[in-house]
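So you can see what is in the structure, the chains are spelled out below.
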Amino acid sequence: MSPSRPNSGHVPVLLEETIAALAVQPGGRYIDCTLGGGGHALAILEHSSPGGQLLGIDADPGAIEVARDRLNAYRDSILLVNDNFANLQAICVKHDFFPVHGILLDLGLSSRQLNGDGRGFSFKHDAPLDMRFSPSQEITAADIVNTYSEAELAHLIKTYGEEGYNRRIARRIVSERPIKSTLHLARAIERVIGRRSKLHPATKTFQALRIAVNRELENLEAALKQAIELLGFEGRLVVISYHSLEDRIVKQFMHREAKGCICPPGTPVCVCGHKPRLKLIKRGVITPSPLEIQRNPRSRSAKLRVAEHVIAQDDCYGTADVLNFLAEVKARAWKRPALLKKLETVFLAA
Ligand SMILES: C[S@@+](CC[C@H](N)C(=O)[O-])C[C@H]1O[C@@H](n2cnc3c(N)ncnc32)[C@H](O)[C@@H]1O
């Protein structure tokens with residue numbers, strides 16, 4: 001077992017696979033957009049030592065504190081920011097932290113959040129219906145549950161929870177209002193649809209509320225678009241998702257960016273001018289082994305996707321290759337401006 005694995009708290013999912021997918025190298029610069037308990041971050045720092053640097057982001061101020069403690073041995077190599085990863089580019093510009101060798105998003109909740117930190121993410125513990133990652137967000141789950149119309153609730157539970165009993169649940173919620181606590185909501189749902197499988201009947205509704213409260217899908221789309229801009233030469237983008245709505249967004253994004261022309265089928269001549277900006281390192285997903293699932297049941301729904309930043313072939317990177325300093329470009333994750341400067345120096349010296 002890797003020394004990065006903690007004995008308690010949040011167990012990082014697909015840890016070895018993540019480090020391999022990020023192609024972590026000594027001296028590299030990495031961004032962990034979902035710091036959580038700092039498990040992946042610690043492994044990245046270990047593998048990028050000596051000289052590695054890590055920018056860690058989390059919307060939850062509690063996660064920043066936990067991770068700061070855990071990453072203390074690397075305190076001179078880390079920068080931790082309490083913010084939403086939807087602001088990724090602004091954060092990197094503010095701290096002059098780009099281009100980078102790799103960006104990780106390990107979506108969803110940490111064990112600390114799930115195991116009842118009083119914010120109502122789980123129906124296993126009684127807590128106020130909050131579900132915000134950050135206390136600075138305005139809308140709580142209680143606001144949604146107690147103010148949305150029955151039709152709006154049914155739509156939300158269907159869209160974000162993929163719950164077939166959405167209408168019955170929405171009707172019951174409206175008739176039970178006000179609902180202030182997790183157990184009140186979970187019991188109301190259980191009374192209306194009963195126990196049909198091993199899955200608790202409130203699971204999908206809780207997922208739907210959490211996604212809505214935190215605008216999870218919108219934020220993911222925003223972060224993916226910005227991540228590409230921050231990756232340096234052959235930089236890696238790695239995303240671990242835990243439900244099909246997230247995975248669909250990641251898959252569609254990576255596949256679209258890996259394509260050349262994206263004109264509608266049947267368009268006689270390409271008018272989009274789209275160039276591939278990513279290369280899929282693996283076409284499908286990487287999933288946990290049966291052993292990992294047995295050791296950490298929370299990993300069972302995890303899907304890891306990985307892609308690499310590519311530069312258009314007619315670009316200055318071709319010249320760097322010819323001049324034999326592509327290795328240097330890669331080690332420093334140089335983007336065009338830095339590379340052009342280097343090329344200028346080489347040509348002036350010639
Ligand atoms: C699954 S945990 C990450 C665990 C971490 N990889 C580890 O090894 O400990 C996900 C974390 O992402 C954070 N998070 C979720 N959405 C976020 C967002 N939009 N912006 C910033 N952080 C977010 C959550 O607060 C949570 O701490």
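1. Observations concerning the overall build of the protein chain
Phase 1 of the analysis: Summing up its helical and strand segments, the protein chain has 16 helices and seven strands in all.
Phase 2 of the analysis: Taking 350 residues into account, the globule formula puts the C-alpha radius of gyration at 20 Å, and the protein chain, at 22 Å, falls close to it.
Phase 3 of the analysis: Each principal axis of the C-alpha distribution contributes one length, and for the protein chain these read about 80 × 60 × 40 Å.
Phase 4 of the analysis: Within the protein chain, the fraction of its 350 residues that count as buried is 41%.
Phase 5 of the analysis: Considering only intrachain contacts with a sequence separation of at least 6, the fraction spanning at least 24 residues in the protein chain is 66%.

2. So, the domain arrangement of the protein chain
Phase 1 of the analysis: Here the protein chain is partitioned into domain 1 (15–112 + 216–309), domain 2 (115–214) and domain 3 (320–349).
Phase 2 of the analysis: One C-alpha centre belongs to domain 2, the other to domain 3, and the line joining them spans 54 Å.

3. Describing unusual backbone geometry
Phase 1 of the analysis: Cis geometry is found at the peptide bond from Ser-49 to Pro-50, where omega equals 0 degrees.
Phase 2 of the analysis: Considering the arrangement of structural elements, one finds Pro-50 in the loop between helix H2 (39–48) and strand S2 (53–58).
Phase 3 of the analysis: Pro-178 follows Arg-177 through a cis peptide bond whose omega is 0 degrees.
Phase 4 of the analysis: Mapped onto the secondary structure, Pro-178 falls in the loop between helix H8 (166–176) and helix H9 (182–193).
Phase 5 of the analysis: A positive phi is found at Asp-96, a non-glycine position, where the angle reads about 50 degrees.
Phase 6 of the analysis: Exposure remark for Asp-96: the 6 C-beta atoms within 10 Å place this residue in the exposed category.
Phase 7 of the analysis: Of note, Met-131 is a non-glycine position whose phi angle comes to about 70 degrees, a positive value.
Phase 8 of the analysis: Checked against the element boundaries, Met-131 lands in the loop between helix H5 (111–114) and helix H6 (141–147).

4. Focus: the environment of Phe-121
Phase 1 of the analysis: Position of Phe-121 relative to the elements: it lies in the loop between H5 and H6.
Phase 2 of the analysis: Sequence-wise, Phe-121 and Val-285 are 164 residues apart; in three dimensions their C-alpha atoms are separated by 27 Å.
Phase 3 of the analysis: Not counting the four nearest positions on each side in its chain, Phe-121 is found in contact with Leu-109, Gln-113, Leu-114, Met-131 and Arg-210.

5. Let's talk about helix H12 (residues 244–257)
Phase 1 of the analysis: With 14 residues, H12 extends 20 Å between its outermost C-alpha atoms, agreeing within 8% with the 20 Å of an ideal straight helix rising 1.5 Å per residue.
Phase 2 of the analysis: The inward-facing, buried residues of H12 contact helix H11 (216–230), strand S5 (231–241), strand S6 (278–280) and strand S7 (303–309).

6. Re the nonpolar core
Phase 1 of the analysis: Cys-33, Ile-44 and Ile-103 are the most contacted members of the largest nonpolar core, which has 59 residues in total.
Phase 2 of the analysis: A domain split of this core shows at least three residues from each of domain 1 (15–112 + 216–309) and domain 3 (320–349).

7. A word on the sheet that holds strand S1 (residues 29–32)
Phase 1 of the analysis: With mixed pairing, seven strands are arranged side by side in an open sheet as S3-S2-S1-S4-S5-S7-S6. Across the chains shown, the open sheet's two edge strands, defined by having one partner strand only, are strand S3 (78–82) and S6. For this sheet the average axis-to-axis angle between neighbouring strands, irrespective of direction, equals 20 degrees.
Phase 2 of the analysis: Pairing of S6 with S7 involves three bridges; the strand directions are antiparallel. What sits directly across from Leu-278, in S7, is His-309.
Phase 3 of the analysis: The sheet strands contacting helix H1 (residues 15–22) are S1, strand S4 (100–106), S5 and S7, and the helix crosses S5 at an angle near 155 degrees.
Phase 4 of the analysis: Here helix H3 (residues 61–70) sits on the sheet and contacts S2 and S3; the angle it forms with S3, its principal contact strand, is near 160 degrees.

8. Examining the site of the ligand
Phase 1 of the analysis: Near the ligand there are 22 residues, and of these Pro-12, Thr-34, Gly-36, Gly-37 and Gly-39 occur at the shortest range.
Phase 2 of the analysis: Looking at the shell around the ligand, the elements that each hand over two or more residues are H2 and S2.
Phase 3 of the analysis: Here the residues of the shell around the ligand sort into eight nonpolar, 11 polar and three charged.

9. Looking at the packing of H11 against H12
Phase 1 of the analysis: Close contact between H11 and H12 brings their axes to 10 Å; oriented N to C, the two are set at 25 degrees. Taken together, H11 and H12 sit at an angle that is classed as roughly parallel. Two packed elements cross with a definite hand, and for H11 against H12 that hand is right-handed. Each of Leu-217, Leu-220, Glu-221, Leu-224 and Ile-228 in H11 lies in contact with H12, whose residues at this interface are Leu-245, Glu-246, Ile-249, Phe-253 and Glu-257.
Phase 2 of the analysis: Tallied by class, the residues present in the contact of H11 with H12 amount to seven nonpolar, no polar and three charged.

10. Observations concerning the packing of helix H7 (residues 150–161) against helix H10 (residues 203–213)
Phase 1 of the analysis: Close contact between H7 and H10 brings their axes to 8 Å; oriented N to C, the two are set at 95 degrees. One finds that H7 runs roughly perpendicular with respect to H10. Contact residues: H7 offers Leu-156, Ile-157, Tyr-160 and Gly-161, while H10 offers Lys-204, Thr-205, Gln-207, Ala-208, Ile-211 and Ala-212.
Phase 2 of the analysis: For the contact of H7 with H10, the residue count by class is six nonpolar, three polar and one charged.

11. Quick look at H2
Phase 1 of the analysis: H2 sits mainly inside the fold: eight of its 10 residues count as buried.
Phase 2 of the analysis: Those residues of H2 not exposed but buried are Gly-39, His-40, Ala-41, Leu-42, Ala-43, Ile-44, Leu-45 and Ser-48.
Phase 3 of the analysis: In the core, the buried residues of H2 are packed alongside H1, S1, S2, H3 and S4.

About the thresholds
Residues numbered from 1 in each chain as written. Predicted model: local features only at pLDDT ≥ 70, side-chain atom pairs only at ≥ 80, totals over all residues. Helix = DSSP H or I, 4+ residues; strand = E, 2+ residues; numbered from the N terminus. Rg over C-alpha atoms; globule rule 2.2 N^0.38 Å. Buried ≥ 20, exposed ≤ 12 C-beta atoms within 10 Å, placed from the backbone. Contact = placed C-beta atoms within 7 Å. Domains from an automatic or database assignment. Expected span 1.5 Å × (residues − 1). Core = buried A, V, L, I, M, F, W, Y, C linked by C-beta atoms within 7 Å. Pairing = 2+ DSSP bridges. Axes fitted to C-alpha atoms, helices over the stretch in contact; angles between N-to-C directions. Near = placed C-beta within 6 Å. Nonpolar A, V, L, I, M, F, W, Y, C, P; charged D, E, K, R; others polar. Parallel < 35°, antiparallel > 145°, perpendicular 65-115°, else oblique. Left-handed = near helix turned anticlockwise from the far one by under 90°.

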